Amino acid sequence: MNMITFGTPSAAVPVERDAWCAYLVPKEAIDAEIARLAAGDLPASGYRASSIVHPRATDGIPSFTPVTEVTISVLKPGERTSVRRGNYSLLETSILGGGRASVATTHFPIRESDVWTVPSMKPYYYENTSDRLWAWLTYSNAAFLRRIGAYWAEDNLPIPEPKADIADAPSAERPYTRKTGPIHRMPSTGTELRGYEHLTDIEPVPNPPLHWVWEDIAPYLPINPGHNDDPNKRGIWLLYNPATERRQGTTPVHFATYAGASPGTPPYAGTRGHFHTSASINYHRTGHGYSVVDGQRVDWKAGDLLLSAPSWLEHAHYVGKDGWTVLTVQDHPMQIALGSLLWQESPDQPILSLGNEEGQKGFVFPREAGK
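A quick note: this is a predicted structure, and the numbers were derived from the prediction, not measured.

Draft legend 1. Region of interest: the overall build of the protein. Check the secondary structure of the protein and you find five helices and 25 strands. The C-alpha radius of gyration computed for the protein amounts to 22 Å, which stays within 12% of the reference 21 Å derived for 371 residues, consistent with globular compactness. Summarising its shape, the C-alpha atoms of the protein cover approximately 65 × 55 × 55 Å along the three principal directions. For the protein, the residues scored as buried account for 46% of the 371 residues in total. Of all intrachain contacts in the protein linking residues separated by at least 6 positions in sequence, the fraction that spans at least 24 positions is 70%.

Draft legend 2. Structural view of the environment of Ile110. Inspection of the secondary structure puts Ile110 in strand E7 (residues 106-110). Since its relative accessible area comes to 3%, Ile110 is described here as buried. A sequence separation of 134 residues divides Ile110 from Thr244, and the C-alpha atoms of the two residues are 23 Å apart.

Draft legend 3. Seen up close, the nonpolar core. By size, the foremost hydrophobic cluster in this structure holds 35 residues, and its most contacted members are Phe64, Ile72, Tyr139, Tyr258 and Leu305. When residues of this core are assigned to their parent elements, the largest contribution, four residues, is made by helix H1 (residues 27-39). Not counting chain neighbours up to four residues away, the residues in contact with Phe64 comprise Trp20, Tyr23, Val25, Ile52, His54, Glu69, Val70, Ile281, Leu305, Leu306 and Leu307. Counting 15 residues, the second-largest nonpolar core is a separate cluster that includes Tyr47, Leu75, Ala101 and Ile110.

Draft legend 4. Local environment of empty space enclosed by the protein. This structure, assessed with the given rule, holds one cavity of 30 Å³ or more. By volume, the largest cavity amounts to about 40 Å³. In terms of lining residues, the largest cavity is bounded by Ser89, Thr117, Val118, Pro119, Asn207, Asn241, Thr250, Thr251 and Pro252. Taken together, the residues of the lining of the largest cavity break down into three nonpolar, six polar and no charged.

Draft legend 5. Structural context of the sheet that holds strand E23 (residues 352-353). Strand order in the open sheet formed by three strands is E17-E22-E23, with antiparallel pairing between adjacent strands. Only two strands of the sheet have a single neighbouring strand rather than two, namely strand E17 (275-276) and E23. Pairing geometry for strand E22 (residues 342-344) and E23, over two bridges, is antiparallel. Paired with Leu342 across the two strands is Ser353, which belongs to E23.

Draft legend 6. Representation of unusual backbone geometry. Residues other than glycine seldom take positive phi values, yet Ala104 does so here, at roughly 55°. Tracing the backbone shows Ala104 in the loop between strand E6 (99-103) and E7. One non-glycine residue, Gln248, lies in the positive phi region at around 55°. With respect to the helices, strands and loops of the structure, Gln248 is situated in the loop between strand E15 (236-238) and strand E16 (255-261).

Draft legend 7. Structural context of the pairing of E7. With five bridges joining them, E6 and E7 adopt antiparallel strand pairing. Bridging across to E7, Val103 finds its partner in Thr106. Where E6 folds back on E7, the antiparallel hairpin that results is connected by two residues, among which Ala104 adopts a positive phi of roughly 55°.

Draft legend 8. Here's a closer look at the sheet that holds strand E8 (residues 115-118). Pairing is antiparallel across the open sheet formed by six strands, whose spatial order is E2-E3-E10-E5-E8-E14. Two strands bound the open sheet, and with one partner strand each, they are strand E2 (48-52) and strand E14 (211-212). In this structure, E8 lies alongside E14, joined through two bridges in antiparallel fashion. In the strand pairing of E14, Trp116 is matched with His211. Across the sheet, H1 touches E2, strand E3 (69-75), strand E5 (90-96) and strand E10 (134-140), and the angle it forms with E3 is around 50°.

The rules behind these values
- Residues numbered from 1 in each chain as written.
- Predicted model: local features only at pLDDT ≥ 70, side-chain atom pairs only at ≥ 80, totals over all residues.
- Heavy atoms only, no water.
- Helix = DSSP H or I, 4+ residues; strand = E, 2+ residues; numbered from the N terminus.
- Rg over C-alpha atoms; globule rule 2.2 N^0.38 Å.
- Buried < 20%, exposed > 50% of the residue type's maximum accessible area, 1.4 Å probe, protein only.
- Contact = heavy atoms within 4.5 Å.
- Core = buried A, V, L, I, M, F, W, Y, C linked by side-chain atoms within 4.5 Å.
- 1 Å grid on protein atoms, 1.4 Å probe; cavity = no way out; pocket = protein on both sides within 12 Å on 5 of 7 lines; lining within 4 Å.
- Points joined across faces, edges and corners; volume = space filled by probe spheres on them.
- Nonpolar A, V, L, I, M, F, W, Y, C, P; charged D, E, K, R; others polar.
- Pairing = 2+ DSSP bridges.
- Axes fitted to C-alpha atoms, helices over the stretch in contact; angles between N-to-C directions.

So, in C-alpha coordinates, the structure goes:
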(Lines give C-alpha, C1' and ligand atoms only; values in the text may rest on other atoms or scores of the structure.)
Protein backbone atom coordinates (compact mmCIF):
# COMPACT_ATOMS: atom_id res chain seq x y z
CA MET A 1 0.00 0.00 0.00
CA ASN A 2 1.30 3.47 -0.89
CA MET A 3 2.14 5.80 1.94
CA ILE A 4 -0.70 8.33 2.32
CA THR A 5 0.32 11.83 3.43
CA PHE A 6 -1.96 14.24 5.25
CA GLY A 7 -1.23 17.89 5.92
CA THR A 8 -2.58 20.98 7.60
CA PRO A 9 -5.39 22.60 5.59
CA SER A 10 -4.37 25.84 3.88
CA ALA A 11 -7.15 27.74 5.61
CA ALA A 12 -5.53 26.96 8.95
CA VAL A 13 -2.03 28.12 7.97
CA PRO A 14 -0.97 31.69 8.89
CA VAL A 15 -0.01 33.93 5.97
CA GLU A 16 3.59 33.36 4.95
CA ARG A 17 4.84 35.50 2.08
CA ASP A 18 7.02 33.57 -0.31
CA ALA A 19 6.68 35.74 -3.42
CA TRP A 20 9.29 35.59 -6.15
CA CYS A 21 11.61 38.60 -5.88
CA ALA A 22 11.75 41.52 -8.29
CA TYR A 23 13.89 40.53 -11.26
CA LEU A 24 15.51 42.84 -13.83
CA VAL A 25 16.56 41.68 -17.29
CA PRO A 26 18.66 44.53 -18.72
CA LYS A 27 18.42 45.66 -22.32
CA GLU A 28 22.00 44.53 -22.89
CA ALA A 29 21.08 40.92 -22.00
CA ILE A 30 18.01 41.02 -24.23
CA ASP A 31 20.02 42.46 -27.12
CA ALA A 32 22.72 39.82 -26.68
CA GLU A 33 20.14 37.02 -26.75
CA ILE A 34 18.52 38.48 -29.87
CA ALA A 35 21.96 38.52 -31.54
CA ARG A 36 22.65 34.94 -30.43
CA LEU A 37 19.33 33.71 -31.77
CA ALA A 38 19.86 35.51 -35.07
CA ALA A 39 23.34 34.03 -35.54
CA GLY A 40 22.26 30.41 -35.91
CA ASP A 41 20.40 28.54 -38.60
CA LEU A 42 16.63 28.62 -38.56
CA PRO A 43 15.40 25.55 -36.62
CA ALA A 44 12.99 23.15 -38.28
CA SER A 45 10.18 24.67 -36.25
CA GLY A 46 10.91 28.06 -37.73
CA TYR A 47 11.12 29.51 -34.22
CA ARG A 48 14.27 31.23 -33.02
CA ALA A 49 13.12 31.69 -29.44
CA SER A 50 14.29 31.68 -25.83
CA SER A 51 12.39 31.83 -22.56
CA ILE A 52 13.50 34.29 -19.89
CA VAL A 53 13.73 32.25 -16.69
CA HIS A 54 13.40 33.70 -13.20
CA PRO A 55 15.88 32.25 -10.65
CA ARG A 56 12.96 30.86 -8.63
CA ALA A 57 11.75 28.75 -11.56
CA THR A 58 13.63 25.69 -10.33
CA ASP A 59 11.06 23.06 -11.31
CA GLY A 60 12.19 22.82 -14.93
CA ILE A 61 9.29 24.92 -16.24
CA PRO A 62 10.61 28.08 -17.92
CA SER A 63 8.75 31.03 -16.44
CA PHE A 64 9.18 34.66 -15.48
CA THR A 65 6.45 34.53 -12.82
CA PRO A 66 4.68 31.45 -11.44
CA VAL A 67 1.89 32.03 -14.00
CA THR A 68 3.62 33.69 -16.94
CA GLU A 69 6.24 32.54 -19.42
CA VAL A 70 8.01 35.36 -21.29
CA THR A 71 9.86 34.49 -24.49
CA ILE A 72 12.02 36.37 -26.97
CA SER A 73 11.46 35.40 -30.63
CA VAL A 74 13.52 36.45 -33.63
CA LEU A 75 13.08 36.19 -37.40
CA LYS A 76 15.50 37.31 -40.08
CA PRO A 77 14.16 38.98 -43.24
CA GLY A 78 12.27 36.48 -45.39
CA GLU A 79 11.94 33.84 -42.66
CA ARG A 80 8.65 32.29 -41.56
CA THR A 81 7.75 30.20 -38.56
CA SER A 82 5.80 26.97 -38.68
CA VAL A 83 2.11 26.97 -37.78
CA ARG A 84 1.36 26.22 -34.11
CA ARG A 85 -1.61 26.16 -31.81
CA GLY A 86 -2.19 25.35 -28.15
CA ASN A 87 -4.59 25.81 -25.26
CA TYR A 88 -2.64 28.82 -23.96
CA SER A 89 -3.34 32.52 -24.61
CA LEU A 90 -0.63 34.78 -26.03
CA LEU A 91 -0.06 38.51 -25.59
CA GLU A 92 2.78 39.81 -27.76
CA THR A 93 4.67 43.02 -28.52
CA SER A 94 7.34 43.89 -31.05
CA ILE A 95 10.52 45.32 -29.53
CA LEU A 96 12.62 45.47 -32.73
CA GLY A 97 11.39 45.81 -36.29
CA GLY A 98 8.24 44.15 -37.53
CA GLY A 99 6.66 41.71 -39.92
CA ARG A 100 3.33 39.97 -40.37
CA ALA A 101 1.31 37.97 -37.86
CA SER A 102 -1.23 35.40 -38.99
CA VAL A 103 -3.79 34.00 -36.54
CA ALA A 104 -6.21 31.49 -38.06
CA THR A 105 -7.08 33.32 -41.31
CA THR A 106 -6.54 36.85 -39.95
CA HIS A 107 -3.37 38.61 -41.09
CA PHE A 108 -2.03 41.96 -39.90
CA PRO A 109 1.23 43.91 -40.23
CA ILE A 110 3.24 44.40 -37.05
CA ARG A 111 5.37 47.43 -36.32
CA GLU A 112 7.60 48.22 -33.38
CA SER A 113 5.73 48.68 -30.06
CA ASP A 114 2.48 47.20 -31.43
CA VAL A 115 0.63 44.71 -29.21
CA TRP A 116 -1.46 41.77 -30.41
CA THR A 117 -3.15 38.63 -29.10
CA VAL A 118 -3.39 34.99 -30.09
CA PRO A 119 -6.48 33.30 -28.59
CA SER A 120 -6.36 29.76 -27.27
CA MET A 121 -6.49 26.98 -29.89
CA LYS A 122 -6.15 29.33 -32.85
CA PRO A 123 -3.37 28.33 -35.29
CA TYR A 124 -0.77 31.07 -35.73
CA TYR A 125 2.48 31.82 -37.55
CA TYR A 126 4.76 34.78 -38.33
CA GLU A 127 6.66 36.08 -41.34
CA ASN A 128 9.39 38.68 -41.46
CA THR A 129 8.29 40.68 -44.49
CA SER A 130 10.74 43.50 -43.78
CA ASP A 131 14.39 44.03 -44.65
CA ARG A 132 15.60 44.06 -41.04
CA LEU A 133 15.66 41.78 -38.03
CA TRP A 134 12.35 41.32 -36.20
CA ALA A 135 12.23 40.53 -32.46
CA TRP A 136 9.19 40.33 -30.21
CA LEU A 137 8.23 39.41 -26.66
CA THR A 138 5.50 36.87 -25.90
CA TYR A 139 3.65 36.62 -22.58
CA SER A 140 1.68 33.41 -22.11
CA ASN A 141 0.05 31.32 -19.40
CA ALA A 142 1.96 28.23 -20.57
CA ALA A 143 3.92 28.15 -17.30
CA PHE A 144 0.74 27.95 -15.24
CA LEU A 145 -0.78 25.28 -17.49
CA ARG A 146 2.38 23.17 -17.32
CA ARG A 147 2.48 23.45 -13.53
CA ILE A 148 -1.04 22.03 -13.24
CA GLY A 149 -0.51 19.41 -15.96
CA ALA A 150 -2.99 21.00 -18.38
CA TYR A 151 -0.69 22.24 -21.18
CA TRP A 152 -1.47 21.08 -24.74
CA ALA A 153 0.15 22.16 -28.01
CA GLU A 154 0.93 21.01 -31.54
CA ASP A 155 3.33 22.22 -34.23
CA ASN A 156 3.95 22.04 -38.00
CA LEU A 157 0.28 22.40 -38.90
CA PRO A 158 -0.88 23.30 -42.42
CA ILE A 159 -1.50 26.97 -43.12
CA PRO A 160 -5.17 27.58 -42.26
CA GLU A 161 -7.62 27.89 -45.14
CA PRO A 162 -10.55 30.32 -44.94
CA LYS A 163 -13.74 28.48 -43.99
CA ALA A 164 -17.02 29.07 -42.23
CA ASP A 165 -16.79 29.42 -38.48
CA ILE A 166 -18.20 26.27 -36.91
CA ALA A 167 -19.84 28.34 -34.20
CA ASP A 168 -21.74 30.33 -36.86
CA ALA A 169 -22.62 27.44 -39.15
CA PRO A 170 -26.29 26.42 -39.16
CA SER A 171 -27.02 23.09 -37.51
CA ALA A 172 -30.09 21.07 -36.69
CA GLU A 173 -31.25 21.20 -33.10
CA ARG A 174 -30.13 18.15 -31.19
CA PRO A 175 -31.15 16.83 -27.82
CA TYR A 176 -28.76 17.07 -24.89
CA THR A 177 -27.49 20.58 -25.52
CA ARG A 178 -27.25 23.62 -23.24
CA LYS A 179 -30.58 24.77 -24.71
CA THR A 180 -32.40 21.58 -23.83
CA GLY A 181 -30.48 20.43 -20.75
CA PRO A 182 -32.59 20.19 -17.59
CA ILE A 183 -32.46 22.79 -14.82
CA HIS A 184 -34.14 22.13 -11.47
CA ARG A 185 -34.51 24.84 -8.86
CA MET A 186 -34.30 23.58 -5.29
CA PRO A 187 -37.44 24.62 -3.39
CA SER A 188 -35.71 25.11 -0.04
CA THR A 189 -32.94 27.49 -1.11
CA GLY A 190 -33.43 28.46 -4.76
CA THR A 191 -30.13 26.84 -5.77
CA GLU A 192 -29.99 24.87 -9.03
CA LEU A 193 -29.20 21.42 -10.35
CA ARG A 194 -28.13 21.34 -13.99
CA GLY A 195 -27.59 18.46 -16.39
CA TYR A 196 -24.22 17.44 -17.82
CA GLU A 197 -25.01 19.32 -21.02
CA HIS A 198 -24.40 22.60 -19.22
CA LEU A 199 -20.84 21.53 -18.43
CA THR A 200 -19.85 20.49 -21.94
CA ASP A 201 -21.94 22.60 -24.33
CA ILE A 202 -20.82 26.00 -23.07
CA GLU A 203 -21.84 29.09 -25.01
CA PRO A 204 -18.75 30.44 -26.79
CA VAL A 205 -17.71 34.07 -26.37
CA PRO A 206 -16.25 35.58 -29.57
CA ASN A 207 -12.52 36.04 -29.04
CA PRO A 208 -10.80 36.99 -32.31
CA PRO A 209 -7.14 38.01 -32.44
CA LEU A 210 -6.75 41.71 -31.65
CA HIS A 211 -4.09 44.21 -32.70
CA TRP A 212 -3.23 47.57 -31.10
CA VAL A 213 -1.04 49.81 -33.25
CA TRP A 214 1.39 51.98 -31.27
CA GLU A 215 0.75 55.01 -33.48
CA ASP A 216 -2.94 54.78 -32.56
CA ILE A 217 -2.22 54.54 -28.82
CA ALA A 218 0.42 57.27 -28.54
CA PRO A 219 -1.89 60.30 -29.06
CA TYR A 220 -3.80 59.38 -25.89
CA LEU A 221 -0.69 59.36 -23.68
CA PRO A 222 0.83 62.56 -22.20
CA ILE A 223 4.29 61.76 -23.52
CA ASN A 224 5.24 65.17 -24.97
CA PRO A 225 5.85 68.44 -23.09
CA GLY A 226 2.66 70.37 -22.41
CA HIS A 227 0.43 67.29 -22.53
CA ASN A 228 -0.18 66.90 -18.80
CA ASP A 229 -3.16 69.29 -18.73
CA ASP A 230 -4.86 67.82 -21.82
CA PRO A 231 -8.09 66.16 -20.55
CA ASN A 232 -8.06 63.71 -23.46
CA LYS A 233 -4.75 62.24 -22.35
CA ARG A 234 -4.29 59.87 -19.43
CA GLY A 235 -1.16 58.41 -17.89
CA ILE A 236 -2.35 54.82 -18.29
CA TRP A 237 -4.63 52.97 -20.71
CA LEU A 238 -5.88 49.38 -20.73
CA LEU A 239 -5.74 47.48 -24.02
CA TYR A 240 -9.21 45.98 -23.63
CA ASN A 241 -10.51 42.76 -25.17
CA PRO A 242 -14.35 42.54 -25.07
CA ALA A 243 -14.10 38.75 -24.75
CA THR A 244 -12.80 39.24 -21.21
CA GLU A 245 -15.93 41.18 -20.20
CA ARG A 246 -15.84 42.21 -16.51
CA ARG A 247 -12.35 40.74 -16.06
CA GLN A 248 -10.95 43.79 -17.89
CA GLY A 249 -8.27 41.89 -19.77
CA THR A 250 -6.30 41.91 -22.99
CA THR A 251 -6.44 38.11 -22.96
CA PRO A 252 -8.45 35.92 -20.57
CA VAL A 253 -5.29 35.61 -18.45
CA HIS A 254 -3.41 38.91 -18.79
CA PHE A 255 -4.07 42.58 -19.14
CA ALA A 256 -1.69 44.93 -20.92
CA THR A 257 -1.53 48.63 -20.19
CA TYR A 258 0.52 51.35 -21.84
CA ALA A 259 1.55 54.12 -19.48
CA GLY A 260 3.40 57.30 -20.26
CA ALA A 261 4.64 60.58 -18.85
CA SER A 262 6.24 63.52 -20.63
CA PRO A 263 9.76 64.80 -19.89
CA GLY A 264 9.80 66.99 -16.81
CA THR A 265 6.73 65.39 -15.22
CA PRO A 266 7.16 65.51 -11.44
CA PRO A 267 7.80 61.97 -10.22
CA TYR A 268 5.65 60.23 -7.66
CA ALA A 269 6.44 62.00 -4.39
CA GLY A 270 5.26 59.37 -1.93
CA THR A 271 7.40 56.95 0.00
CA ARG A 272 4.95 54.04 0.05
CA GLY A 273 3.68 51.85 -2.76
CA HIS A 274 0.63 49.72 -3.38
CA PHE A 275 -0.16 46.00 -3.27
CA HIS A 276 -1.95 43.42 -5.41
CA THR A 277 -1.93 39.65 -5.72
CA SER A 278 -1.51 39.78 -9.50
CA ALA A 279 2.13 39.71 -10.64
CA SER A 280 3.23 42.66 -12.81
CA ILE A 281 5.88 42.77 -15.56
CA ASN A 282 7.12 46.08 -17.01
CA TYR A 283 8.81 46.47 -20.39
CA HIS A 284 10.33 49.95 -20.41
CA ARG A 285 9.92 51.31 -23.91
CA THR A 286 11.47 54.70 -23.18
CA GLY A 287 12.85 56.64 -20.23
CA HIS A 288 14.70 55.70 -17.09
CA GLY A 289 14.03 55.63 -13.36
CA TYR A 290 13.80 53.20 -10.52
CA SER A 291 11.30 51.05 -8.66
CA VAL A 292 11.19 50.16 -4.98
CA VAL A 293 9.90 46.61 -4.55
CA ASP A 294 9.64 45.17 -1.04
CA GLY A 295 12.14 47.78 0.12
CA GLN A 296 14.63 46.96 -2.64
CA ARG A 297 15.59 49.67 -5.15
CA VAL A 298 15.81 48.50 -8.76
CA ASP A 299 17.12 50.97 -11.36
CA TRP A 300 15.81 50.56 -14.89
CA LYS A 301 16.16 52.18 -18.32
CA ALA A 302 14.65 51.92 -21.78
CA GLY A 303 14.74 48.36 -23.09
CA ASP A 304 14.84 46.69 -19.65
CA LEU A 305 12.28 44.07 -18.61
CA LEU A 306 11.34 43.96 -14.93
CA LEU A 307 9.23 41.72 -12.75
CA SER A 308 8.15 44.87 -10.99
CA ALA A 309 5.43 43.57 -8.67
CA PRO A 310 5.62 39.99 -7.45
CA SER A 311 2.40 38.94 -5.75
CA TRP A 312 1.50 41.20 -2.80
CA LEU A 313 4.91 42.82 -2.46
CA GLU A 314 4.71 46.58 -1.91
CA HIS A 315 5.99 48.47 -4.93
CA ALA A 316 6.25 52.02 -6.28
CA HIS A 317 7.81 53.43 -9.46
CA TYR A 318 9.79 56.68 -9.74
CA VAL A 319 10.19 58.06 -13.26
CA GLY A 320 13.23 60.10 -14.28
CA LYS A 321 13.31 63.57 -15.80
CA ASP A 322 12.99 62.24 -19.36
CA GLY A 323 9.55 60.72 -18.73
CA TRP A 324 8.69 57.18 -19.80
CA THR A 325 6.51 54.84 -21.78
CA VAL A 326 6.02 51.39 -20.31
CA LEU A 327 4.06 48.30 -21.29
CA THR A 328 2.79 46.50 -18.19
CA VAL A 329 1.43 42.95 -18.22
CA GLN A 330 -0.36 41.40 -15.23
CA ASP A 331 -2.26 38.15 -14.58
CA HIS A 332 -5.11 40.31 -13.23
CA PRO A 333 -7.97 38.85 -15.40
CA MET A 334 -7.15 35.28 -14.39
CA GLN A 335 -7.29 36.24 -10.72
CA ILE A 336 -10.61 38.02 -11.28
CA ALA A 337 -11.94 34.75 -12.73
CA LEU A 338 -10.58 32.83 -9.73
CA GLY A 339 -12.08 35.34 -7.31
CA SER A 340 -8.65 35.78 -5.73
CA LEU A 341 -7.63 39.30 -6.77
CA LEU A 342 -6.80 41.46 -3.75
CA TRP A 343 -5.87 45.13 -4.16
CA GLN A 344 -4.68 47.83 -1.78
CA GLU A 345 -3.96 51.20 -3.35
CA SER A 346 -1.91 52.37 -0.35
CA PRO A 347 -1.26 51.09 3.18
CA ASP A 348 -3.91 53.43 4.60
CA GLN A 349 -6.57 52.13 2.18
CA PRO A 350 -8.63 48.97 2.79
CA ILE A 351 -7.72 45.65 1.17
CA LEU A 352 -10.36 45.07 -1.50
CA SER A 353 -11.41 41.82 -3.16
CA LEU A 354 -11.80 43.13 -6.69
CA GLY A 355 -14.74 41.65 -8.56
CA ASN A 356 -16.35 40.40 -5.35
CA GLU A 357 -17.13 43.78 -3.80
CA GLU A 358 -17.12 47.45 -4.78
CA GLY A 359 -13.69 48.32 -6.12
CA GLN A 360 -11.16 51.08 -5.66
CA LYS A 361 -12.59 54.55 -6.32
CA GLY A 362 -11.00 57.92 -7.02
CA PHE A 363 -7.66 56.97 -8.63
CA VAL A 364 -6.61 57.55 -12.26
CA PHE A 365 -3.12 56.05 -11.90
CA PRO A 366 -1.50 53.93 -9.17
CA ARG A 367 -1.59 56.06 -6.00
CA GLU A 368 -2.62 59.13 -8.06
CA ALA A 369 -6.02 60.58 -7.16
CA GLY A 370 -8.22 61.98 -9.90
CA LYS A 371 -8.81 65.72 -9.98
